[in-house]
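Chains, contacts and geometry: an overview
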Amino acid sequence: DELPFTLLIIQFVLITASCTNYEQQLVITDLKKSQVLLLHKKPNQKNVYSMGIHCYGKLDGEAELVLILNGAPYKTEPLKGNVNFTWGGDWYSDSMELRYQPGNVSAGQLVIKYTFTD
């Protein structure tokens, strides 16, 4: 019975073809300074309905990354030592505001990869 397997493959191809992935990246090198990061969808993208963030790096010390929604903290991630986390979900805006707030950080680097899905 090859038919169910073939239908599964066709379904998978249709699903992956309809998902457009726009991966962008920024790097925070001065971890001692508070920063407001404004992330925007790419110019050719249509209506955004979800987002994804993958943040990784290493901090000598502690800090915090906050995702802002409608002017208020929506998600908060404490950062310390080796950092590696992801956020994702429904998102109906063409931009995201992240606030990086250092604690007692002496050095390190943070990479933020992000996508807006349309």
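That block above? That's the structure.
So, here is what we can say about the structure in this document. As the structure is a prediction and not an experimental result, all values here were calculated from the model.

What counts and what doesn't
- Residues numbered from 1 in each chain as written.
- Predicted model: local features only at pLDDT ≥ 70, side-chain atom pairs only at ≥ 80, totals over all residues.
- Heavy atoms only, no water.
- Pairing = 2+ DSSP bridges.
- Helix = DSSP H or I, 4+ residues; strand = E, 2+ residues; numbered from the N terminus.
- Salt bridge = Lys/Arg side-chain N within 4 Å of Asp/Glu carboxyl O.
- Buried < 20%, exposed > 50% of the residue type's maximum accessible area, 1.4 Å probe, protein only.
- Polar contact = N/O pair within 3.5 Å; in protein donor to acceptor, adjacent residues only side chain to side chain.
- Contact = heavy atoms within 4.5 Å.

A few words now on the pairing of strand β6 (residues 107-117). On a regular strand, each side chain points to the face opposite its neighbour's, so the side chains alternate between the two faces of the sheet. In terms of strand pairing, strand β1 (residues 23-28) meets β6 through six bridges, oriented antiparallel. Considered in β6, the bridge of Gln25 is made with Lys113. Where strand β3 (residues 50-69) meets β6, 11 bridges bridge the pair, whose relative direction is antiparallel. When the sheet's bridge partners are listed, Gly52 is paired in β6 with Thr115.

We now examine the pattern of salt bridges. Within this structure, the stated rule accounts for four salt bridges. As a salt-bridge pair, Glu62 and Lys80 come within 3.6 Å of each other at their nearest N and O atoms. Taken together, the positions of Glu62 in strand β3 and Lys80 in strand β4 (residues 72-90) put the pair 18 residues apart, joining distant regions of the chain. Among the residues examined, Glu62 registers a relative accessible area of 39% and is labelled partly exposed. Of the charged contacts in the structure, one is a salt bridge between Arg99 and Glu97, with a shortest N-O distance of 2.6 Å. Judged by its relative accessible area of 21%, Glu97 is partly exposed.

Looking now at the side chain of Gln24. By secondary structure assignment, the location of Gln24 is in strand β1. Take Gln24: its relative accessible area is 18%, and that puts it in the buried class. Here His40 takes part through its backbone oxygen, which lies 3.0 Å from a polar atom of the side chain of Gln24. If we ignore the near neighbours within four places in the chain, the residues touching Gln24 are His40, Lys41, Lys42, Ile112, Lys113, Tyr114 and Phe116.

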